[in-house]
Amino acid sequence: DRLVSAAGLISSALPMAVVAVCIKADSAGPVICKQQRVGRNGKLFTMYKFRSMYVSAPRDCATYELEDAQRQITRVGAFIRKTSLDELPQLINVLRGDMSIVGPRPLIKQEKLIHTLRMNSGVYRLRPGITGWAQINGRDTVSISRKAEMDAYYVRNRGFALDCRILFRTFFKVIKHDGIKEGK
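All figures in this text were calculated on a predicted structure; none of them were measured in a lab.

Draft legend 1. Layout of the overall build of the protein. The secondary structure content of the protein amounts to nine helices and four strands. For the protein, whose C-alpha radius of gyration is 16 Å, the value lies close to the compact-globule estimate of 16 Å for 184 residues. By principal-axis analysis of the C-alpha atoms, the protein measures approximately 45 × 40 × 30 Å. Considering the protein as a whole, with its 184 residues, one finds that 48% of them fall into the buried category. Once local pairs closer than 6 in sequence are excluded, the contacts in the protein between residues at least 24 apart make up 68%. Accessible surface, the protein: about 9900 Å² in total, of which carbon and sulfur atoms supply 59%. Across the protein, the centroid of the 31 positively charged side chains sits 4 Å from that of the 16 negatively charged ones.

Structure below.
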């Protein structure tokens, strides 16, 4: 994970610089969004993403809970979310050991229902990932309980072959912008 994240940070340095400049030119506020997420063993960590929403957007709220998420997302934000470029700073989290490349996505602590479901299936024994089984099997378009089932599937079946399959399918899902839904 750390070797891949270091290589990823080096190879994506120029695109990340371009994204940072575009974010600054598009709206006021920081380039990087820092948010507390639940990690391995239920421990909170600071996750980094490129900021895709206006600074006035509700904090510590899952995007799917927003009534009109589109109004909160900047023009550049819409593009970087659609292309998943907003996730690139998470390579720093992987380098730090907070996250893995592949694993269940880290949640904000306010998402109580899915936390309970994940706790019951042992998901928090693993480091969260930048991509995972649920992200390639519906991402934002599946129910909370279905996501939790997919996270549990990953826990039971994880291994190098499954991780490679997830990475391969992630590439095509990102290119097709598949499974992205903003808000209710």
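Draft legend 2. Representation of helix 4 (residues 75-82) in the model. All buried positions along helix 4 are accounted for by Val 76, Gly 77, Ile 80 and Arg 81. Each buried residue of helix 4 lies within a common arc of 130° when the element is viewed along its axis, so the set occupies one face. Summarising the contacts, the buried residues of helix 4 are in contact with helix 2 (13-26) and strand 2 (44-50). One side-chain oxygen of the residue at the start of helix 4 lies 2.7 Å from the amide nitrogen of Gly 77, identifying that residue as Thr 74.

Draft legend 3. Structural view of the pairing of strand 1 (residues 32-38). Where strand 1 meets strand 2, seven bridges bridge the pair, whose relative direction is antiparallel. Residue Val 38 lies in a different strand from strand 2, and its bridge partner there is Leu 44. A loop of five residues connects strand 1 with strand 2, the two strands running antiparallel in sequence, and Asn 41 in this loop sits at a positive phi of about 60°.

Reading the values: rules and limits
Residues numbered from 1 in each chain as written. Predicted model: local features only at pLDDT ≥ 70, side-chain atom pairs only at ≥ 80, totals over all residues. Heavy atoms only, no water. Helix = DSSP H or I, 4+ residues; strand = E, 2+ residues; numbered from the N terminus. Rg over C-alpha atoms; globule rule 2.2 N^0.38 Å. Buried < 20%, exposed > 50% of the residue type's maximum accessible area, 1.4 Å probe, protein only. Contact = heavy atoms within 4.5 Å. Areas by Shrake-Rupley, 256 points an atom, 1.4 Å probe, with all protein chains shown as cover. Lys, Arg positive; Asp, Glu negative; His and termini not counted. Charge placed at Lys NZ, Arg CZ, Asp CG, Glu CD. Arc of directions from axis to C-beta. Polar contact = N/O pair within 3.5 Å; in protein donor to acceptor, adjacent residues only side chain to side chain. Pairing = 2+ DSSP bridges.

Worth remembering: the numbers are spatial, not functional.
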